[in-house]
Amino acid sequence: MAASIRLLARRIVRDASRNINSSVSGRIVRSSCPSNLSACRCFSDGATDKSTHFGFETVPEGEKAERVYKVFESVAQKYDVMNDAMSLGVHRLWKDMLLHVMNPQPGMRLLDVAGGTGDISFRFLDYVRSQQERVARRTARANQTPSWQEISTSYTPPTEGIEMETEARESRAVVCDINKEMLKVGKQKAESMGVSSGLSWVVGDAEELPFDDDQFDVYTIAFGIRNVTHIDLALQEAVRVLKPGGRFMCLEFSKVTNPLLSRLYDAYSFQMIPVLGEVIAGDWKSYQYLVESIRKFPDQETFKRMIEEAGFFSVRYHNLTGGVVALHSGFKL
Amino acid sequence: MSQPTHTSQMLRSLLVSSRRCTGRGLFMDEAACVRQQHRGLDSADSHYDGLYPGHIPTNPIQKALLAVGSGVAALQDPYRHDMVAVLGETTGHLALMTLRDRMRGDPEGYTILTERPRIRLSTLDLSKMASLPDGSFGREYLRFLEDNRVTPDSRVNVKFVDNEELAYVMQRYREVHDLLHTLLGMPTNMLGEVAVKWFEAAQTGLPMCILGAALGPLRLSTSRLEPLVTSLGPWAVRNGRQARCVLSIFYERRWEQSLENLREELNIEPPPLTIRATSQKATLDS
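Residue positions are counted from 1 within each chain, in the order its sequence is given. Here every chain gets a letter starting at A, and every ligand a number starting at 1, in the order they are written. Given that this is a predicted model, residues contribute local features only at a pLDDT of at least 70 and side-chain atom pairs are listed and counted only at 80 or more, while totals for whole chains, interfaces and linings are drawn from all residues. Only hydrogens and water are set aside when side-chain values are computed; all heavy atoms of the structure are taken into account.

A short note on the overall build of chain B
At step 1: Per the convention used, a helix needs a DSSP run of H or I reaching at least four residues, while a strand needs a run of E reaching at least two, with both numbered from the N terminus. When you go through chain B residue by residue, the secondary structure sums to 14 helices and 0 strands.
At step 2: Throughout this description, buried means an accessible area under 20% of the type-specific maximum (1.4 Å probe, protein chains only), exposed means over 50%, and partly exposed covers the range between. The buried share among the 286 residues of chain B stands at 50%.
At step 3: Restricting the contact set of chain B to residue pairs at least 6 apart, pairs at least 24 apart contribute 71%.
At step 4: Accessible areas in this description were obtained via Shrake-Rupley with a 1.4 Å probe; residue shielding takes into account the shown protein chains only. About 13,400 Å² of surface is accessible on chain B, with carbon and sulfur atoms providing 56% of the total. Whether two residues are in contact is decided by their heavy atoms: any pair within 4.5 Å suffices.

Structure (structure tokens):
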């Protein structure tokens, strides 16, 4: 007991000296929180059960996965509506940016981990199809005023068409998620959109993927990696299932650098988002967890280092919306 | 900077955390106190944070947002009982305090506040109630549950009231609602619900009831609006004002009492019209 108080006191002094906030009571409350959490971890590290964070709560590691599962099971039905409401539609731009940076070509194989309702995979298939259409249009335009030689050399339209079709068949997206409810919602969306070819839905754990080595060209995980209990294991699995030359891409909420924006963002997260969750989805606690889990996720540089440690090269990140979201990308060589 | 003061301040902030959340602090304080609520240190088997099971502490801004949001959601879909409940909790602070004071002033109400009975299917002895004579309160209540196909367990738990006693008063109000239907002789179709809402608005003064009473008639057809405005409405409001506080009655001990007797005791006139309990599907059309 005495040892922990000493630890607490030491941490409070450290945090107090770092703290910019002027209000004294606020400082005590704020500085006591992180130090208390770390004191709690000191207790539990000695025990047999390792503990981790679930939002701002500390839970045993075994429990986290189950609780995350329950959260997403209950939000699955209203997930897309809530995303639009919480981000005011901006999440669509973030996902479009991911695809733009990815710039997939026809024939690529995508693994969308924690893909849930399939947003990335649908965009992937759309992008690839529009690429193919662009290529087709270009060749058609080129064929408008050809010279005699060009006509004779390019007079193989039937085989060209078949080639493109096989390429279309080869562009495949696999949506993998640990949560069956989310996949169900995604499948319903696919059916209503009429998308069926080139898409498969697989239940799987990001820390232990049900795929062979060297299978995919691109591995994406959008807004899912902060819910994984062991992020390093998920990164190792990503290295394993990617082909050499394959790309790892991760969209995740990250640290906002601008202090004014950061305060606005915090206020919005903690005031508005659980309220929206209660009103739209009837579930305050799940959205409380969601905004807390964002705060517990490592910042851009730390995450970049984690990706490099897992074995990726040329790791970069782009900050979107002032750091609210970061897009990390790395290559397996 | 001595160590004991820091610990004691930490403990104090722990105890005061819920009050802090409802105070007018900086936004950052709210985030911090939210963090406090989720600390695993509090208790080994903490199945709830806050003052009572299911309590979610909120600050005035969040309450205002919740009130507006739930109001809109409830208007769009009146069958979203959870939204009606949230609206009532976030707007009813003053009315709940008045109700609680009225209950304290009444000896039976005071007993309820100390004993905290809950009306649940598990606490009701249904076979015994079914064996009671017709016209007794218990038998009529059971008949009401059967005719309208409702259950007392479908009430949402209180979440956003930041006082433990007031939360119980709110919960009691919700659980007494069905009994009120029986007392007033109103079924659970739209017309019956509006009549009960008018009674409750006059009695409790809860803003949610007043809003419901004002906007409920808009969803009624003209054929149903007529009896409401001419006879049912004035009757409901008059009785709401003159009746004894309905929350102060220990209904659980009065199942054998005859319904007429109970109405007399509470100063409630019998309904001027009898409305048949139609099925839910039929009421959706009206």
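A word on the overall build of chain A
At step 1: The helix and strand inventory of chain A stands at 13 helices and 9 strands.
At step 2: Taking all 333 residues of chain A together, 49% fall into the buried category.
At step 3: Once local pairs closer than 6 in sequence are excluded, the contacts in chain A between residues at least 24 apart make up 73%.
At step 4: Element-wise, carbon and sulfur atoms account for 56% of the exposed surface of chain A, whose accessible area totals about 16,300 Å².

Describing the pattern of salt bridges
Should the charged atoms of two oppositely charged side chains come close, the side chains can pair.
At step 1: Put simply, a salt bridge is a Lys or Arg side-chain nitrogen that is within 4 Å of an Asp or Glu carboxyl oxygen. Using the criterion set out here, one finds 38 salt bridges over all chains in the structure.
At step 2: Where Lys189(A) meets Asp119(A), a salt bridge forms, and the shortest distance between an N and an O atom there is 2.8 Å. Residue Lys189(A) is found in helix α9 (residues 180–193), and its partner Asp119(A) is found in helix α6 (residues 119–142); the two are separated by 70 residues along the sequence. Here the two residues Lys189(A) and Asp119(A) agree in accessibility, since each one is buried.
At step 3: As a salt-bridge pair, Glu108(B) and Arg254(B) come within 2.9 Å of each other at their nearest N and O atoms. With a gap of 146 residues between them, Glu108(B) in helix α6 (residues 107–115) and Arg254(B) in the loop between α12 (222–242) and α13 (259–266) connect regions that are remote in the sequence.
At step 4: For Glu108(B), a relative accessible area of 17% corresponds to the buried category.
At step 5: Several salt bridges share partner residues, and in doing so they unite Asp106(B), Glu108(B), Arg244(B), Arg254(B) and Glu265(B) into one network.

Some points on the nonpolar core
Residue and element names in this part refer to chain B.
At step 1: The term nonpolar core refers to a set of buried residues drawn from Ala, Val, Leu, Ile, Met, Phe, Trp, Tyr and Cys, joined through side-chain atoms within 4.5 Å. Tyr141 and Leu183 are the most contacted members of the largest nonpolar core, which totals 60 residues.
At step 2: Residue assignment for this core shows that the elements contributing at least two residues are α5 (93–105), α6, α8 (137–148), α9 (164–184), α10 (190–204), α11 (207–215), α12 and α13.
At step 3: Top contributing element to this core by residue count: α9, with 11 residues.
At step 4: Once you skip the residues sitting within four places of it in the chain, Tyr141 turns out to touch Ile119, Leu124, Met129, Pro152, Asp178, Leu179, Thr182 and Trp255.

Observations concerning the side chain of Thr117(A)
Residue and element names in this part refer to chain A.
At step 1: Relative to the assigned elements, Thr117 resides in the loop between β3 (109–113) and α6.
At step 2: Judged by relative accessible area, Thr117 falls into the buried class, the value being 2%.
At step 3: Among residues more than four places away in sequence, those in contact with Thr117 are Tyr79, Asp80, Phe122, Met182, Val185, Gly186 and Lys189.

So, the confidence of the model for chain B
Residue and element names in this part refer to chain B.
At step 1: For every residue, the predictor reports its confidence as pLDDT, a number between 0 and 100. The predicted model of chain B has a mean per-residue pLDDT of 79, with 79% of residues at 70 or higher.
At step 2: For chain B, helix α14 (residues 280–285) is the element with the lowest average pLDDT, namely 40, and α5 is the one with the highest, namely 92.
At step 3: A low-confidence stretch, residues 10–46 (pLDDT under 50), is modelled with 69 contacts involving residues beyond four sequence positions or located in other chains.
At step 4: Here residues 279–286 is modelled with pLDDT under 50, and outside its nearest four sequence neighbours on either side it reaches 10 contacts, counting other chains as well.
At step 5: Model confidence for the complex: the whole-complex pTM is 0.72, and ipTM, which rates the interface, is 0.71.

Description of the pairing of strand β1 (residues 51–54) of chain A
At step 1: For two strands to be treated as a pair, DSSP must find no fewer than two bridges joining them. Sheet topology places β1(A) next to strand β2 (residues 57–60) of chain A; 4 bridges connect them, and they run antiparallel. Across the sheet, residue His53(A) finds its bridge partner in β2(A), namely Thr58(A).

Observations regarding the UniProt feature "binding site: S-adenosyl-L-methionine" (unreviewed entry) in chain A
All names here are of chain A.
At step 1: UniProt positions are given in the numbering used here, feature names are shortened, and annotations may be inferred rather than shown by experiment. Under the local residue numbering, the UniProt record ascribes the feature "binding site: S-adenosyl-L-methionine" (unreviewed entry) to Thr117, Asp177, Asp205 and Ala206.
At step 2: Two N or O atoms count as a polar contact when they lie within 3.5 Å, although within protein this holds only if one can serve as hydrogen donor and the other as acceptor, and sequence-adjacent residues are included solely when both atoms are side-chain atoms. One polar contact links Thr117 to Asp80, side chain to side chain, over a distance of 3.3 Å.
At step 3: As for its position among the elements, Asp177 is in strand β4 (residues 172–177).
At step 4: A polar side-chain atom of Asp177 sits 2.8 Å from the main-chain amide nitrogen of Asn179.

Points about the environment of Ala326(A)
All names here are of chain A.
At step 1: As for its position among the elements, Ala326 is in strand β9 (residues 325–331).
At step 2: The exposure class assigned to Ala326 is buried, which follows from its relative accessible area of 1%.
At step 3: Spatially, the C-alpha atom of Ala326 lies 21 Å from that of Asp177, the residues being 149 residues apart in sequence.
At step 4: If near-sequence neighbours (up to four positions away) are discounted, Ala326 is found in contact with Cys250, Leu251, Glu252, Ser254, Gln300, His318 and Asn319.

A word on the UniProt feature "binding site: Zn(2+)" (unreviewed entry) in chain B
All names here are of chain B.
At step 1: Within this numbering scheme, the UniProt entry marks His177, Asp178, His181 and Glu193 as carrying the feature "binding site: Zn(2+)" (unreviewed entry). Across 17 residues, the annotated set stays spatially compact, with a maximum C-alpha separation of 10.2 Å.
At step 2: Turning to its location among the elements, His177 is positioned in helix α9.
At step 3: In contact with His177, other than residues within four places in its own chain, are Arg155, Glu193, Val196, Lys197 and Glu200.
At step 4: Residue position: His181 is located in helix α9.
At step 5: Sequence-distant contacts of His181, defined by excluding residues within four places in its chain, comprise Phe144, Met186, Pro187, Thr188, Gly192, Glu193 and Val196.

What to know about the packing of aromatic side chains
At step 1: Ring pairs are drawn from Phe, Tyr and Trp, using the six-membered ring of Trp, whenever the two centres fall within 6.5 Å, and their geometry is named by plane angle: stacked under 30 degrees, edge-to-face over 60, tilted for the rest. Following the criterion strictly, the structure yields 15 aromatic pairs over all chains and no others.
At step 2: On the numbers, 4.8 Å between centres and 35 degrees between planes, the contact of Phe223(A) with Phe253(A) is tilted. Separated by 30 residues along the polypeptide, Phe223(A) in the loop between β6 (216–222) and α10 (231–241) and Phe253(A) in strand β7 (residues 242–253) bring together distant segments of the chain. The two residues Phe223(A) and Phe253(A) agree in class, both being buried.
At step 3: Ring centres of Phe137(B) and Tyr251(B) lie 5.7 Å apart, and the angle between their planes is 40 degrees; this geometry places the pair in the tilted category. Remark: Tyr251(B) occurs in the loop between α12 and α13 and Phe137(B) occurs in helix α8; sequence separation between them is 114 residues.

Description of the state of the cysteines
At step 1: Two cysteine sulfurs form what is called a disulfide whenever their separation falls within 2.5 Å. Applying the stated rule across the entire model yields 0 disulfides over all chains.
At step 2: Cys250(A) supplies the cysteine sulfur nearest to Cys176(A), a cysteine that is in no disulfide, at a spacing of 15 Å.
At step 3: We classify Cys176(A) as buried; its relative accessible area is 0%.
At step 4: Unpaired in this structure, Cys245(B) has its nearest cysteine sulfur neighbour in Cys209(B), at a distance of 12 Å.

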